[in-house]
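Coordinate analysis (summary)
The lines below spell out each chain.
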Amino acid sequence: MSKYDTICAIATAAGAGAISIIRISGADSISTALLIFRKDGKKLEMNDIEPYKAYYGEIIDTVPDDKPMVDDVLMTVFKAPHSYTGEDCVEISCHGSQFVQQKILELLCVRGCRLAQPGEFSKRAFINGKLDLAQAEAVADLIASQNAAEHRIAVNQLKGGFSNELRDLRAKLVELTSLLELELDFSEEDVEFADRTKLNEILNAALKHIGKLTDSFRMGNAIKNGIPVAIVGETNTGKSTLLNAILGEDRAIVSDIEGTTRDTIEETFTIDGLTYRFIDTAGIRETSETIEKIGIERTFKKISEADIVIGMLDGTKKVSEIVKAAKDIVNRVNVLKQKLIMVINKSDLMDAGNMFTLNDDFEASVKSTFEKNIEKNGGYMTDEYCYSITGMDLYNIRSLTTFSYMSAKDPEDVESLKSNISRHTDAPKIDGNTVLVTNIRHFEALTHARESLEQVKKGLDDKLSADLLAQDLRQALYHIGSITGEVTTGEVLSSIFSRFCIGK
Ligand SMILES: Nc1nc2c(ncn2[C@@H]2O[C@H](COP(=O)(O)OP(=O)(O)OP(=O)(O)O)[C@@H](O)[C@H]2O)c(=O)[nH]1
Ligand SMILES: [Mg+2]
């Protein structure tokens, strides 16, 4: 199949609708469409056609000529290179009957067109330089967008916001490479041309830029797939009961048998206009059971990926056990980056004495665990506040170490937990210039680029030769180029576009 053959597909959603659009692209698209189109009963010739104008007429089943009309349609012609794909294109708007749509496709295929593969129109747009790869992917995101934030990000990426950022980044790296290569050209004379201070400066700027982009993935991904909220704790604390209560349906199995939930269960739910992805996890306990062990490993992974962690404790346990379980949860999160909401569940079964001891003991006992966590993650504490390395005042220690009582069986308690979650979320501020990385492929490429650049930085510190540094730099450039498609393999392209729908 040549990339120049003429392809056709239904571009509108599957099923019946008021109207539907058949899209044709390729060198023969106009001549083929004209074979089955009649205006006032007459066949039009290529010379009669003015592009970017809609022609009202009929599609006819022409074997032999002028057989019954299939449908009343509007036909629009786009001339290369001013079309979505950059090729000659035709769009036929017909009535949305499934029979009509299929019949028109059949008529086109009999006359030499081929049914398009998923994403093939966008792939051609990319090959013909109408869009870069990140923009083509934004088309898919735009079509899939379900809320204002997702839509905004996709539009910014489609308009080239992300691609421009990458161009800036690339320019920095190209400047670095050329400085180094200058040095390489003269290496025999043993002269160090490149001013290493300047190199370091550009490198640091590039690293900072990449860091900003990779950091944005957490938010970008949250907007695209829901803000991840992991519900974690020991077995039987009531995690699945809580998930069901939040969703208002019996999604997860609840039982008084420890270790009921084996695998993670994820469901999205919207609170105050933001989508959250609630993740019920396998309860944490010592076990020799293979499947349960795998489940618990998954729990740990989900904790590390979550933005918000609901640490669930069982209020019917002994105070010492509750404190131990709480410390275990604190040790598994990064309190500088993740929000931890600690709840003591089954309050309906708790006696006042237990609550009294907990109120007294909890903060005192868990506080040192928080302190260690903050230090381990590069922050520091004062008496009142915890700070990140950048010196940003993050949390009041009290608010970090407190907890609330609840019963997952009490709808009012569940409601107040929901508003607590909503309060813990920094609503994303997205405007026309916000660039967020939302695509895992882009995130991975940027991460690889960052690793290569860190090698360069280490190399500079270790006074490595210019040719070795240049090698890592080229690697970084390669990874960045792979995002917009400046460097990519056919295999990568096929895998990206195969995830699109047919007709896109
Ligand atoms: N009285 C009372 N019982 C509760 C509450 N929350 C959960 N339960 C009960 O506690 C038991 C365990 O609940 P689950 O939701 O299955 O607990 P889990 O944390 O998902 O347990 P695993 O999946 O085994 O880790 C069930 O019998 C629930 O009905 C609560 O707030 N009050
Ligand atoms: Mg469960």
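Residues numbered from 1 in each chain as written. Chains lettered and ligands numbered in written order. Predicted model: local features only at pLDDT ≥ 70, side-chain atom pairs only at ≥ 80, totals over all residues.

1. With respect to the sheet that holds strand β2 (residues 17–25)
The condition that has to hold: Strand pairing is assigned whenever DSSP identifies at least 2 bridges connecting the two strands. Every helix listed is a DSSP run of H or I at least four residues long, and every strand listed is a run of E at least two residues long, numbered separately from the N terminus.
Spatially, the 7 strands line up as an open sheet ordered β3-β4-β5-β6-β2-β1-β7, and their pairing is mixed. At either margin of the open sheet sits one strand with a lone partner, and together these are β3 (37–38) and β7 (114–115). Where strand β1 (residues 7–10) lies against β2, 4 bridges are found, and the strand directions are antiparallel. By the bridge assignment for β2, Ile 7 is matched with Ser 25.

2. Considering helix α1 (residues 29–36)
For clarity, the threshold we go by: In this scheme every C-beta is placed from the backbone, and a residue whose C-beta has 20 or more other C-beta atoms within 10 Å is buried, one with 12 or fewer is exposed, and one in between is partly exposed. Think of it this way: build a C-beta for each residue from its backbone, and any pair within 7 Å is a contact.
When you tally the buried positions in α1, you get 6 out of 8 residues, the bulk of the element. Listed as buried for α1 are Ser 29, Ile 30, Thr 32, Ala 33, Leu 34 and Ile 36. As for α1, its buried residues are in contact with β2, β3, β4 (54–60), β5 (69–78), β6 (89–96) and α2 (98–110).

3. With respect to the pairing of β2
Hairpin connection between β1 and β2: a loop of 6 residues separates the two successive antiparallel strands, and Gly 15 in this loop has a positive phi of roughly 100 degrees. Relative to β6, β2 runs antiparallel, the two being bridged by 8 bridges. Its bridge partner being in β6, Ile 21 is matched across the sheet by Ser 93.

4. A short note on the site of ligand 1
The following threshold applies: In this analysis a residue is considered near a molecule or strand if the C-beta atom, reconstructed from its backbone, is found within 6 Å of that molecule or strand.
Taken together, the neighbourhood of ligand 1 is formed by 22 residues, with Gly 238, Ser 240, Thr 241, Thr 261 and Gly 283 sitting nearest. In terms of residue count, helix α8 (residues 239–247) provides more of the shell around ligand 1 than any other element does, 3 residues in total.

5. Remarks on the domain arrangement of the protein
We count it as follows: All the domain ranges listed were derived from an automatic or database domain assignment.
Its domain assignment divides the protein into domain 1 (7–131), domain 2 (143–217 + 435–497) and domain 3 (225–423). Here the C-alpha centroids of domain 1 and domain 2 sit 41 Å apart.

6. Observations regarding the environment of Asn 345
With respect to the element layout, Asn 345 can be found in strand β12 (residues 339–345). Of the residues examined, Asn 345 has 26 C-beta atoms within 10 Å and is grouped as buried. Separated by 62 residues in sequence, Asn 345 and Ser 407 have C-alpha atoms that sit 5.2 Å apart. Among residues more than four places away in sequence, those in contact with Asn 345 are Thr 237, Gly 238, Met 312, Leu 313, Asp 314, Gly 315, Met 406, Ser 407 and Ala 408.

7. Structural notes on the nonpolar core
Our working definition: A set of buried residues qualifies as a nonpolar core if it consists of Ala, Val, Leu, Ile, Met, Phe, Trp, Tyr and Cys joined through C-beta atoms within 7 Å.
Ranked by size, the top nonpolar core spans 119 residues in total, and within it Ala 33, Ile 59, Val 229, Ile 231, Val 309 and Leu 473 carry the most contacts. Of all the elements, helix α7 (residues 196–225) adds the most residues to this core, at 9 residues. Setting aside chain neighbours within four positions, we find Val 309 in contact with Ala 230, Val 232, Ile 303, Val 333, Gln 338 and Leu 340.

8. A look at unusual backbone geometry
In the segment running from Ala 80 into Pro 81, the intervening peptide bond is cis, with an omega of 0 degrees. Mapped onto the fold, Pro 81 is located in the loop between β5 and β6.

9. Details of the sheet that holds strand β10 (residues 274–280)
Adjacent strands of a sheet form backbone hydrogen bonds with each other and so pair up, either parallel or antiparallel. Strand order in this open sheet of 6 strands is β9-β10-β8-β11-β12-β16, and the pairing throughout is mixed. Lying at the two open borders of the sheet, with one neighbouring strand each, are β9 (265–271) and β16 (404–405). Across 7 bridges, β9 lies against β10 in antiparallel orientation. Paired with Phe 269 across the two strands is Tyr 276, which belongs to β10.

10. Overview of the environment of Asp 462
If you trace the backbone, Asp 462 turns up in the loop between α14 (440–461) and α15 (466–484). For Asp 462 and Val 90, which are 372 residues apart along the polypeptide, the C-alpha to C-alpha distance reads 60 Å.

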